[in-house]
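Structural overview
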Amino acid sequence: MSVSEKLVAMNRDSASDQAMLVYGHAIGHAIEHLAEGELGHGEAISIGICVTAELSSLADHVWTVIRADKRFRGNNFCAPSLKTVGTLVVDDAGKCFLPLGEEMVLRALELNKSHGKTTRK
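Attention in this report is confined to the structure presented alongside it. Everything numeric here is computed off the predicted structure, so don't read it as measured data.

**Some points on the overall build of the protein**
The number of helices and strands found in the protein is five helices and five strands. Secondary structure elements of the protein, listed N to C terminal, follow the sequence α-α-α-α-β-β-β-β-β-α. Counting all 121 residues of the protein, 18% fall into the buried class. Of the roughly 9000 Å² of accessible surface on the protein, 59% is carried by carbon and sulfur atoms.

Below, the structure written as structure tokens:
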């Protein structure tokens, strides 16, 4: 039985199984579309899988570096947050630095990537 046949046979009710079935597909489908027939579906998806793995690694590295920042307190990165352009959110104690947890920071990174703004140097 091939790997793809094993994946299809998996329990599709599980969130992790669903994620495994679509891993790399969003990027792979975009690559396939942009290649205008120069790449097969499998080739484009395999590139998408590699790019997705690289992005996952980048997210882990970003959180590791943030944890070393002087604005990191406990399990949170304390950062200024905008209420509107030019206006910061201020808490009841008059502080502009709000605690942001790992999930929130990584979600923001993910959203930023999906808009094509995160690059690796």
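There is more to say, and it comes next.
**Observations regarding the environment of I45**
Here I45 shows up in helix α4 (residues 41-67). A relative accessible area of 7% means that I45 is categorised as buried. Along the sequence, I45 and H25 sit 20 residues apart, while their C-alpha atoms lie 5.7 Å from each other. Excluding its chain neighbours within four sequence positions, the residues that come into contact with I45 are G24, H25, G28 and H29.

**Regarding the pairing of strand β5 (residues 97-101)**
The two faces of the sheet receive side chains in turn, since in a regular strand these alternate between them. Burial of β5 is one-sided: the residues L98 and L100 facing one way are buried, the residues F97, P99 and G101 facing the other way are not. Note: strand β2 (residues 76-80) against β5, five bridges, orientation antiparallel. If you follow F77 over to β5, its bridge partner there is L100.

**Observations concerning a nonpolar patch on the surface**
On the surface, a cluster of nonpolar side chains totalling about 270 Å² of accessible area is made up of L82, L88 and V90. Looking at the element boundaries, V90 is found in the loop between β4 (87-88) and β5.

**A closer look at the sheet that holds β2**
Taken together, three strands build an open sheet; the order of strands is β1-β2-β5 and the sheet is antiparallel. Looking at which strands have only one partner, the edges of the open sheet turn out to be β1 (72-73) and β5.

**Points about the nonpolar core**
The biggest cluster of nonpolar side chains holds seven residues, and these are W63, I66, F72, F77, A79, L100 and V105. When contributions to this core are tallied by element, the ones reaching two or more residues are α4 and β2. Beyond its immediate chain neighbours, meaning those up to four positions away, I66 contacts F72, F77 and V105.

How each quantity is defined
Residues numbered from 1 in each chain as written. Predicted model: local features only at pLDDT ≥ 70, side-chain atom pairs only at ≥ 80, totals over all residues. Heavy atoms only, no water. Helix = DSSP H or I, 4+ residues; strand = E, 2+ residues; numbered from the N terminus. Buried < 20%, exposed > 50% of the residue type's maximum accessible area, 1.4 Å probe, protein only. Areas by Shrake-Rupley, 256 points an atom, 1.4 Å probe, with all protein chains shown as cover. Contact = heavy atoms within 4.5 Å. Pairing = 2+ DSSP bridges. Patch = residues over 30% accessible without salt bridge, like charges linked within 9 Å, V, L, I, M, F, W, Y side chains within 5 Å. Salt bridge = Lys/Arg side-chain N within 4 Å of Asp/Glu carboxyl O. Core = buried A, V, L, I, M, F, W, Y, C linked by side-chain atoms within 4.5 Å.

Taken by themselves, the reported measurements are silent on function.
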